[in-house]
Amino acid sequence: MPTFDPFDASPDRDPQPALAELRARRPVLDLGPGVWYVTRHEDVRRVLLDPDTYSSVGNFVLDEEGQLDEEGGRESRLIVQLDPPRHTALRRVLLGGFKRGAIRDAEPWITARLHELVDGFARRGRADLMRELALPLTSHVIARLVGVPVTDAATLAGWVREVSSQRPRPVKQLEPWRRLKAYLDALVERRRAAGPGAAGDAAEDMIARLLGAEVEGRPLGADELPYHVYQLFTAGTETTAYTIGVTVHELLKLPGAWERLGHEPGPYESAGEEGL
C-alpha cells in the first residue's frame, strides 16, 4: 500500500495514489494520539455532522509526553476544539467580520498592498512567491482585519508557522508559543482597557467584535480572547498563503493554463475554487 503522511511538506510529492488506495482499502488512518485521517467523503460528512459521537473537545491537546491531555481538553479555548451549541454561537461572531461586504470594503487596500509587493520584485524578473508575496500579503491582510498592528504581522506570522509546524506534538512549552501568547494577551488587554472605538478606523476589526460579543449570554472571557485572535491569525495567514502557492504551482504545470488566465477573465473564479 502506498504510504501517506499528511504532515509531509515535500514540494514534489503526489499524495493522490496513496489517498486512492486508502479510500479503497483503509479509509480511516490512525496517525498517532488523538489524530485520525478520514479519507471518504461520506465518512467525513458523518464525522463533521455528528458532534455527539465525534466530539471536537480536546482535539490536538497533548501533554509533554505526546499523549492525550484530558484535563487540558476540558479547558479548550479554540473554536476547533468546541462542539455545538457553543461552537455555532462563536462561529457566528467570528464570521461577522468576513462577510462579503467587509471583504469588498477591504479590496482597495488589499490591492494596494499587493501592488506594493509585486513592484518590489517585478524588475528582477523572478521572485520567491511564498516568501516575497503570499506570506507577507496574507499576514498583512489578516492582521488588519483582525486588529493586529501591521508592523507586527511578519513577526507574528513567523511565530505562528513555527508553532504550526510542530503540531500535533505539544506546543505550550515552545518559545515561539510563549512569545505569541504573551503578545496576544497584552494586545487584547490594551484594547479592552482602551474601550470601544479607541482603535479609530479599526473599530470594526475582529478584536473589537470579540470584545463586544456575547456567546450563550455571556461576554467572552479574558482567557478566551487571545486564543480566538491566534486562531484567526493562523487560519487567515497559512491557509490563504498556501492556497496561493499551490494554485500558481499547479497552473504552471498545466500546458497553456497560465496563458489562458492572462487572456480570458472567465476562468479566474473556477481556478480559485480549484486551488482552494
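First, a word on what this report is: a plain description of the structure on this page. (Residues numbered from 1 in each chain as written. Predicted model: local features only at pLDDT ≥ 70, side-chain atom pairs only at ≥ 80, totals over all residues. Heavy atoms only, no water.)

**Details of the overall build of the protein chain**
Right, on to step 1. Helices and strands together make up the secondary structure of the protein chain, namely 12 helices and 4 strands.
Right, on to step 2. Put simply, the protein chain has 276 residues, and 35% of those count as buried.
Right, on to step 3. At a minimum sequence separation of 6, the contacts of the protein chain that also span at least 24 residues come to 57%.
Right, on to step 4. Carbon and sulfur atoms provide 53% of the accessible area of the protein chain, an area that totals close to 17,100 Å². (Helix = DSSP H or I, 4+ residues; strand = E, 2+ residues; numbered from the N terminus. Buried < 20%, exposed > 50% of the residue type's maximum accessible area, 1.4 Å probe, protein only. Contact = heavy atoms within 4.5 Å. Areas by Shrake-Rupley, 256 points an atom, 1.4 Å probe, with all protein chains shown as cover.)

**Topic: the packing of helix 7 (residues 153-164) against helix 8 (residues 175-194)**
Right, on to step 1. Where helix 7 contacts helix 8, the axes come no closer than 9 Å and their chain directions differ by 135°. What the angle tells us is that helix 7 and helix 8 run oblique. Where helix 7 crosses over helix 8, the two elements pack in a sense that is left-handed. Between helix 7 and helix 8, the contacting residues are L156, W159, V160, E162 and V163 on the first element and P176, W177, R179, L180, Y183 and L184 on the second. (Axes fitted to C-alpha atoms, helices over the stretch in contact; angles between N-to-C directions. Parallel < 35°, antiparallel > 145°, perpendicular 65-115°, else oblique. Left-handed = near helix turned anticlockwise from the far one by under 90°.)

**Looking at unusual backbone geometry**
Backbone geometry follows two general trends: most residues other than glycine have a negative phi, and most peptide bonds adopt the trans configuration.
Right, on to step 1. For the bond from P84 to P85, the omega torsion is 10°, close enough to zero to count as cis.
Right, on to step 2. Of note, P85 is situated in the loop between helix 3 (70-73) and helix 4 (86-95).
Right, on to step 3. The backbone phi angle of E216 is positive, close to 55°, even though this residue is not glycine.

**Regarding helix 5 (residues 100-121)**
Right, on to step 1. Helix length check: helix 5 (22 residues) gives 31 Å between terminal C-alpha atoms against 32 Å at 1.5 Å per residue, within 8%.
Right, on to step 2. Of all the bends found along helix 5, the most pronounced is centred on E107 and spans about 45°, while P108, a proline, follows it within four residues.
Right, on to step 3. Every buried residue of helix 5 is accounted for by A106, W109, R113, L117 and F121.
Right, on to step 4. Contact partners of the buried residues in helix 5: helix 6 (129-146). (Expected span 1.5 Å × (residues − 1). Bend = angle between axes of the 7 residues up to and from the residue.)

**So, the packing of aromatic side chains**
Right, on to step 1. Enumeration over the complete set of coordinates arrives at 4 aromatic pairs.
Right, on to step 2. On the numbers, 6.0 Å between centres and 40° between planes, the contact of W177 with Y227 is tilted. Taken together, the residues span a long stretch of sequence, with W177 in helix 8 and Y227 in helix 10 (residues 225-253) at a distance of 50 residues. Like W177, the residue Y227 is buried in the burial classification.
Right, on to step 3. Taken together, a centroid distance of 5.1 Å and an interplanar angle of 85° make the contact between W177 and Y230 edge-to-face. Taken together, the residues W177 in helix 8 and Y230 in helix 10 connect sequence positions 53 residues apart.
Right, on to step 4. Given the relative accessible area of 8%, W177 is considered buried.
Right, on to step 5. Since its relative accessible area comes to 5%, Y230 is described here as buried.
Right, on to step 6. Here the aromatic cluster, defined as three or more aromatic residues joined through ring pairs, consists of W177, Y227 and Y230.
Right, on to step 7. A cation sits over an aromatic face here: R144 above W109, 4.2 Å from the ring centre. (Phe/Tyr/Trp six-rings, centres within 6.5 Å; stacked < 30°, edge-to-face > 60°. Lys NZ or Arg CZ within 6 Å of the ring centre and 35° of its normal.)

**Observations regarding the layout of surface pockets**
Right, on to step 1. Of the volumes computed, that of the second largest pocket is approximately 1,600 Å³.
Right, on to step 2. Along the wall of the second largest pocket there are 30 residues; nearest its centre are I110, L137, T240, I244 and G272.
Right, on to step 3. Those elements giving two or more residues to the lining of the second largest pocket turn out to be helix 5, helix 6, helix 10, helix 11 (257-263) and helix 12 (268-275). (1 Å grid on protein atoms, 1.4 Å probe; cavity = no way out; pocket = protein on both sides within 12 Å on 5 of 7 lines; lining within 4 Å. Points joined across faces, edges and corners; volume = space filled by probe spheres on them.)

Shape descriptors only; they carry no functional weight alone.
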